[in-house]
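Here is how the chains run, residue by residue.
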Amino acid sequence: MKSVQLYKEHLQQFVSAEELANISEELLKAKETLVSGSGKGNDFLGWIDLPKEISPDIIDNIKKDVANLTPKARLFVVIGIGGSYLGARAVIEALQSEFASMEKGGHPFVIYAGHTLSEDYYHQLLRMLDNYDYAVAVISKSGTTTEPAVAFRIIKNHLEKKYGKANASERIIAITDAHRGALHTIAQQEGYHAYVIPDNVGGRFSVLTPVGLLPIAMAGYDIDKLLKGACDMRDICMNSNSVEDNPALMYAAIRNILYRKGRKVEILENFVPNLKYISEWWKQLYGESEGKEGKGILPHSLSFTTDLHSMGQYVQEGERLMFETVLSVAQPHDKVEIPSDAQNLDGINYLVGKSLTEINHNAELGTILAHVDGGVPVLRIKIPSVDEYVLGQLIYFFEFACGVSGYMLGVNPFDQPGVEAYKKNMFRLLGKPGYEK
Ligand code: PA5
């Protein structure tokens, strides 16, 4: 079995075997709190068994929707914010070509809305939707979030003008709560095909529900393999209490040890740009789960080697407040050779015969060694290759570790009370009834 693995070979001078041993009792207690459902936020633990227990009917319906909409839609607009779009985007962008475009045939090209209130963004989006056939997934667990509600009203209006009301309804899929919320009411009234987000799964843990699975399948990727990867990682995370064999336990232990020693910032780094949105998803997962009660590691991300030429200086020599977690991809999908040049004016003939991945891996190792010398602890997550199975593993690994790590920090990892503060101010400023004070 190809497996995501954690390596701590560059941590020796920062985390001792004794520190790991000392924290193990607390670590296993946090795991037990999570698995037994005895901790804070225990009504939001449905994600733990999702990959194993998701109903085959849901998967069949998703596949039917993909088969039905693919011939009709060149674009698929995913409307959602936070946990209602980041997981899908993370997987799709990890798997698709950097140069994929809506011009290509086959599956619809997925684009995003409802994650911004920028007027120019919607103007540009509508002009594009004038020119291509499209369908829509509107995703909101609460069914009341302002950004996707605004986007959906604008896009629904465009869709109904373009195709007529009845035909437009057949191009809209709603993913929301089973009983509550404005989106639930609209979907029922308009007769949209709808999927339910389970009550016990919070937004940032919902990628393996239809929230993530429908857009990922619509983009042409294999959701069975994604779920299989998550299922296999679930077995590892649930069944092993050994820090050495359970990467989620190791990750939770190390980040808490480092945090308690003053490392308040974690930088998730990749050396392949397709993983940029994995970092965005991860930032939400950890930021919303841990950043509360005046506590929490600040999740940050960088893409290397690109950002070595912008942020590399700070990481090497700035304030020592961070540790790094490197997403290290072992195998590329394809080969690109560096051609030989008789004149060698650029002086890089010494690289001829090496693969770009070999060069990239040496850039990665060179960076890690430099940063360790500069006093930055570095953890490495090895990913065999970027495919659906491995991404399923990675998602589950990060989710499980997040639950354990949050309980070690002493917070409720499954709520997000702070997200409401800006909304109340915005509603009052905009004159929403009921928010006058
Ligand atoms: O993780 C969360 O719960 C949040 O980030 C939500 O996903 C986000 O606020 C969107 O909420 P909703 O799906 O209710 O529109």
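Each residue is numbered by its place in its chain's sequence as written, counting from 1. Predicted model: local features are reported for residues with pLDDT of at least 70 only, side-chain atom pairs are reported and counted for 80 or more only, and whole-chain, interface and lining totals are derived from all residues. Heavy atoms throughout the structure, all of them, feed into the side-chain values; hydrogens and water do not.

Chemist: Tell me about the sheet that holds strand E3 (residues 109–113), and name the residues and values.
Modeler: At least two bridges found by DSSP between two strands is the condition for calling them paired. Labels follow the DSSP assignment, with helices taken as runs of H or I lasting at least four residues and strands as runs of E lasting at least two, numbered in each case from the N terminus. Spatial ordering of the open sheet is given by E3-E2-E4-E5-E6, a layout of five strands whose pairing is parallel. Two strands lie at the open edges of the sheet, namely E3 and strand E6 (193–196), each paired on one side alone. On average, each strand axis in the sheet is inclined to that of its neighbour by 20 degrees, with strand direction left out of account. Bridge count between strand E5 (residues 172–176) and E6: four bridges; the pairing is parallel. Bridging across to E6, Ala 174 finds its partner in Ala 194. Strands in contact with helix H6 (residues 146–163) are strand E2 (75–79), E3, strand E4 (134–140) and E5; relative to E4, the strand with the most contacts, it is inclined by about 155 degrees. In this fold helix H8 (residues 182–190) packs onto E4 and E5, with an angle of close to 145 degrees to the strand it touches most, E5. Only the stretch in contact is used when a helix axis is fitted, and all axes are lines through C-alpha atoms; the angle between N-to-C directions ranges over 0 to 180 degrees. Whether two residues touch is decided by their heavy atoms; if any such pair falls within 4.5 Å, the residues are in contact.

Chemist: Could you give an account of the domain arrangement of the protein, naming the residues involved and the relevant values?
Modeler: In many reports, interface size means the accessible area that the parts give up when they come together. An automatic or database domain assignment is the source of the domain bounds shown. Split into domains, the protein comes out as domain 1 (5–38 + 226–418) and domain 2 (50–221). Measuring from the centre of the C-alpha atoms in domain 1 to the corresponding centre in domain 2 gives 29 Å. Counting residues at the interface gives 29 residues for domain 1, matched by 24 residues for domain 2. For the domain 1 and domain 2 pair, buried surface summed over both sides reaches about 2,300 Å², with 70% attributable to carbon and sulfur atoms. For the domain 1 face of the interface with domain 2, the top three residues by lost area are Leu 227, Asn 274 and Tyr 277, together amounting to 30%. Here, a salt bridge means any side-chain nitrogen of Lys or Arg that lies within 4 Å of a carboxyl oxygen of Asp or Glu. Here domain 1 is connected to domain 2 by one salt bridge. Pairs of N or O atoms are called polar contacts if they sit within 3.5 Å, as long as, within protein, a hydrogen donor faces a hydrogen acceptor (for residues adjacent in sequence, only side-chain-to-side-chain pairs). Our count for the domain 1 to domain 2 interface comes out at 11 residue pairs in polar contact (both at pLDDT 80 or more). Buried area is calculated as the accessible area (1.4 Å probe) missing from two parts once they are joined, with the contributions of both summed.

Chemist: How would you summarise the pairing of E5 if you had to cite specific residues and measurements?
Modeler: Partly exposed describes any residue whose relative accessible area lies between the buried limit of under 20% and the exposed limit of over 50%, with all areas from a 1.4 Å probe on protein chains only and scaled to the type maximum. Within E5, five of the five residues are buried, which leaves the element mostly enclosed by the surrounding structure. Neither face of E5 is exposed, since Ile 172, Ala 174 and Thr 176 on one face and Ile 173 and Ile 175 on the opposite face are all buried. In this structure, E4 lies alongside E5, joined through five bridges in parallel fashion. If you follow Val 138 over to E5, its bridge partner there is Ala 174. Convention used here: a crossover is right-handed provided that the path from the first strand, over the helix, to the second strand proceeds clockwise when the strands point away from the viewer. For the crossover that starts at E5, traverses H8 and ends in the parallel E6, the hand is right-handed.

Chemist: Quick rundown of unusual backbone geometry? Include the residues and the values.
Modeler: For the bond from Phe 304 to Thr 305, the omega torsion is 5 degrees, close enough to zero to count as cis. Checked against the element boundaries, Thr 305 lands in the loop between strand E8 (298–303) and helix H13 (312–317). Positive phi is not limited to glycine here, since Asn 344 has a value of about 50 degrees. Secondary-structure assignment places Asn 344 in the loop between strand E9 (322–331) and helix H14 (356–373).

Chemist: Give a detailed account of the nonpolar core, specifying residues and quantitative values.
Modeler: Nine residue types can take part in a nonpolar core, namely buried Ala, Val, Leu, Ile, Met, Phe, Trp, Tyr and Cys, and a core is a set of them joined through side-chain atoms within 4.5 Å. Counting residues in hydrophobic clusters, the biggest one holds 115 residues, and the most contacted among them are Trp 47 and Phe 398. In terms of residue count, the dominant contributor to this core is helix H15 (residues 388–409) (15 residues). The contacts of Trp 47, once residues within four sequence positions are left out, are Leu 34, Asn 200, Val 201, Phe 205, Tyr 396, Glu 399, Phe 400 and Phe 414. Grouped together as the second largest cluster of nonpolar side chains are 26 residues, Ile 79, Leu 159, Ala 168 and Leu 183 included.

Chemist: Help me get a handle on the packing of helix H1 (residues 17–36) against helix H11 (residues 247–260), residues and values and all.
Modeler: Helix-helix packing is described using two parameters, namely the angle between the two axes and the distance between the axes. It is at 10 Å that the axes of H1 and H11 come closest, and there the two elements cross at 120 degrees. It follows from the interaxial angle that H1 and H11 lie oblique. Here H1 and H11 pass one another in a crossing that is right-handed. Side by side, H1 and H11 meet where Glu 19, Leu 20, Ile 23, Glu 26, Leu 27, Leu 28 and Lys 31 of the first sit next to Leu 249, Met 250, Ala 252, Ala 253, Ile 254, Asn 256, Ile 257 and Arg 260 of the second. When residue character is reported, Ala, Val, Leu, Ile, Met, Phe, Trp, Tyr, Cys and Pro are called nonpolar, Asp, Glu, Lys and Arg charged, and the others, Gly included, polar. Classifying every residue of the contact of H1 with H11 by side-chain character gives 10 nonpolar, one polar and four charged. Angles below 35 degrees are treated as roughly parallel, those above 145 as roughly antiparallel, those between 65 and 115 as roughly perpendicular, and all remaining angles as oblique. In this scheme, a crossing is called left-handed if the near helix is turned counterclockwise away from the far one by less than a right angle; it is called right-handed if the turn is clockwise.

Chemist: Give a detailed account of the pattern of salt bridges, specifying residues and quantitative values.
Modeler: The full count for this structure, using the stated rule, is 23 salt bridges. Lys 228 is paired through a salt bridge with Asp 232; the nearest N and O atoms lie 2.9 Å apart. One end of the pair is Lys 228 and the other is Asp 232, both in helix H10 (residues 223–239) and four residues apart, which spans about a single turn. On the accessibility criterion, Lys 228 (44% relative accessible area) is partly exposed. Assessed through its relative accessible area of 12%, Asp 232 is described here as buried. Two residues, Lys 292 and Asp 415, come together in a salt bridge whose shortest N-O distance is 2.8 Å. One end of the pair, Lys 292, is in the loop between helix H12 (276–290) and E8; the other, Asp 415, is in the loop between H15 and helix H16 (420–430), and 123 residues separate them in sequence. On the basis of relative accessibility, which here comes to 10%, the residue Lys 292 falls in the buried class. Here the residues in one salt-bridge network are Lys 156, Glu 160, Lys 165 and Glu 190, joined through shared partners.

Chemist: Go over the environment of Val 372 with me, naming the residues and quoting the values.
Modeler: As for its position among the elements, Val 372 is in helix H14. With 56 residues separating them in the primary sequence, Val 372 and Gln 316 have C-alpha atoms 8.6 Å apart. Leave out the neighbours within four places in its chain, and Val 372 touches His 10, Gln 13, Phe 14 and Val 378.

Chemist: Please provide a residue-by-residue account of the environment of Leu 429, values included.
Modeler: By secondary structure assignment, the location of Leu 429 is in helix H16. For Leu 429, a relative accessible area of 67% gives the class exposed. Leu 429 sits 175 residues away from Ile 254 along the chain, and the two C-alpha atoms are 43 Å apart.

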